[in-house]
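# Understanding the architecture of this molecule
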Amino acid sequence: MMTTPRYAPPTPPIRRTDPGLRGFLRAARSNVLGLWPDQAYEQDVYATRFLGRTTLLLNAPDAIRRVLVDNPGNYRRSPASIRILRPLTGDGLLLSEGAAWRLQRRTIAPALGPRMLPLLARHVVAVVDETVAALRSVAGGPVDLLAAMQGMALEIAGRSMFSVETSGAAPALRAMVQEYGADLARAHLADLLLPVALPTFRDLRRRWFRRRWMAVMSGLIRDRLGQPPPAAPRDLFDLLRAARDPETGAGFGAQALRDQTATMILAGHETTAVTLFWALSLLAAAPEEQALLAAEVRGLDLTAAVAAGTIPELPRTRAVVAETLRLYPPAFTMARAAIGPDDACCISIPSGTLILIAPWVLHRHRRFWGEPAVFDPDRFAPGAPPPPRFAYLPFGAGPRMCVGAQFALTEAALGLAALVRAFEITRADDRPVLPVAIVTTQPDHAPGFRLRARTDG
Ligand code: HEM
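Figured I'd write up the structure that's included with this text. (Residues numbered from 1 in each chain as written. Predicted model: local features only at pLDDT ≥ 70, side-chain atom pairs only at ≥ 80, totals over all residues.)

With that out of the way, let us pick up the overall build of the protein. Per the secondary structure count, the protein includes 16 helices and twelve strands. Its C-alpha atoms give the protein a radius of gyration of 22 Å, within 12% of the compact-globule value 23 Å for 457 residues. Seen through its C-alpha atoms, the protein measures out along the principal axes to roughly 60 × 60 × 40 Å. The proportion of buried residues among the 457 residues of the protein is 45%. A sequence separation of at least 24 residues applies to 74% of the contacts in the protein between residues at least 6 apart. (Helix = DSSP H or I, 4+ residues; strand = E, 2+ residues; numbered from the N terminus. Rg over C-alpha atoms; globule rule 2.2 N^0.38 Å. Buried ≥ 20, exposed ≤ 12 C-beta atoms within 10 Å, placed from the backbone. Contact = placed C-beta atoms within 7 Å.)

A word on the nonpolar core. Counting 129 residues, the largest nonpolar core has Ala279, Leu283 and Leu416 as its most contacted members. Per-element tally for this core: the top contributor is helix α11 (residues 254–285), with 16 residues. (Core = buried A, V, L, I, M, F, W, Y, C linked by C-beta atoms within 7 Å.)

Turning next to the site of the ligand. In the vicinity of the ligand there are 24 residues, among which Gly268, Thr271, Gly396, Cys402 and Gly404 approach most closely. For the shell around the ligand, the secondary-structure elements that each account for two or more residues are α11 and α16 (405–422). Ranked by residues supplied to the shell around the ligand, first place goes to α11 with seven residues. Here the residues of the shell around the ligand sort into 15 nonpolar, seven polar and two charged. (Near = placed C-beta within 6 Å. Nonpolar A, V, L, I, M, F, W, Y, C, P; charged D, E, K, R; others polar.)

Turning to the environment of Ala190, a few remarks are in order. Within the secondary structure, Ala190 is located in helix α8 (residues 189–193). As a C-alpha pair, Ala190 and Ala80 span 110 residues in sequence and 9.2 Å in three-dimensional space.

Time to look at the sheet that holds strand β12 (residues 448–453). Taken together, three strands build an open sheet; the order of strands is β4-β12-β9 and the sheet is antiparallel. Lying at the two open borders of the sheet, with one neighbouring strand each, are β4 (143–144) and β9 (423–427). The pairing of β9 with β12 spans five bridges and is classified as antiparallel. Across the sheet, residue Glu424 finds its bridge partner in β12, namely Arg452. Where α11 meets the sheet, it contacts β9 and β12, and its direction lies at approximately 80 degrees from that of β9. (Pairing = 2+ DSSP bridges. Axes fitted to C-alpha atoms, helices over the stretch in contact; angles between N-to-C directions.)

Attention shifts here to the packing of helix α7 (residues 170–182) against helix α9 (residues 201–226). Where α7 contacts α9, the axes come no closer than 11 Å and their chain directions differ by 160 degrees. Relative to α9, the element α7 is oriented roughly antiparallel. For the pair α7 and α9, the crossing hand works out as left-handed. In contact with Ala172, Leu173, Met176 and Tyr180 of α7, α9 contributes Phe209, Arg212, Trp213 and Val216. Tallied by class, the residues present in the contact of α7 with α9 amount to seven nonpolar, no polar and one charged. (Parallel < 35°, antiparallel > 145°, perpendicular 65-115°, else oblique. Left-handed = near helix turned anticlockwise from the far one by under 90°.)

Examined bridge by bridge, strand β1 (residues 45–50) and strand β2 (residues 53–58) share six bridges and lie antiparallel to one another. Bridge assignment links Arg49 to a residue of β2, and that residue is Thr54.

All right, on to the pairing of strand β5 (residues 334–338) then. Among the five residues that make up β5, four are buried, leaving the element largely enclosed by the rest of the structure. Pairing between strand β3 (residues 75–77) and β5: three bridges, direction antiparallel. When the bridges of β5 are listed, Tyr75 appears paired with Ala338. Inspection of the sheet shows β5 paired to strand β8 (residues 354–357) by four bridges, in the antiparallel sense. The partner of Met334 across the bridge, within β8, is Ile357.

Following this line, the structure appears as structure tokens:
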């Protein structure tokens, strides 16, 4: 295996000591990624107690397995997650619980499963090709690849799952996501402390946002709702429309379909967009690695009809995607509130405890990874040992694991392959780009890139 120079991308500084209440609240409002002190990246469990409530950051593999896989029924999403996500996703799959969740999961999972990947990959390639063509026309000047990846991922999500073109609604939709991220997606003290049933002042503003956001979502699926359902489902929307509760026979109403659309479009595009952005950003800083990828994709057939079958021929590209997800996990933390007491493999969890399982910390934990800050796709190259158990969780684990993981990995690998094949990518300036936690792991600013068309692709 060729060795490349070591590159450790910049991150928010790690605190030396416990943040205390004030530091905790400041980090919750500004950037959670700077919250955890040095010892959190070494210990099995890092406990804090604020205003009478215990928060446990779990790093021990067995304890994580207990919470996510063996006893998930004892844990539900935390009040702050519900407050922040519900205006964007309504009562779709991400936030539903119990029987409603089971029906939704059973309906949605097959539409994103391995059998559907060839079909999904066709949509991916079509949109990626359009994006590459559009980027060729602006390649000379500094290019905003964050906006380009967000637009591309949004269009892929809309077309592949709902057969809708998002391009008309995209500017409004992106502006709203940005507006929400700049303010209401950040947790304040009352958001963290009050039960969801007691709305905070910010919840009232979030409700107003939700009304506007859901109106955009309704607009996206209005035409589809007006048409009679086809005999055979063509996409996720048709599958959702055809689904019936096995006990009651009830189907999803218009509002439930809208919430599901919002969930899948949001969960399905923000995450892959930032993954692609960070991968491109890492490759711009590591030209030798970029050259390896360009060599891998040279001459490969990435056309729509065969693209899904090409994935096994992209081991280095997939290793870069996996390493990007380690260094910049889009879902930086998974929060759960314990409904009842539990014993998570020697860690006693009183009822009401807030549990944090943070891929951001796990993926940089010194006991699990050598040189955790360094970008090193070799960790995921063919033949490398698998990552330590429950130390690599970009898609979570257990029954609530990401339903779109395979789709996301396909999209990221094909997107990256096509972009690196088309362009040599460098940064237009050297201002460091820092990750900041706003619903997903976002860059603190959209840096400019320079794209030089490759002639040997
Ligand atoms: C790189 C891209 C992605 C990452 C890193 C990611 C990460 C995650 C994680 C960590 C969870 C579990 C959250 C928890 O347990 O609290 C999750 C759940 C979920 N993801 Fe993804 N995701 C990605 C792409 C997608 C895509 C493409 C879709 C849709 C097509 C999607 C839809 C969902 C949904 C609906 C859930 C909730 C599942 C449930 O609760 O049953 N995600 N995702």
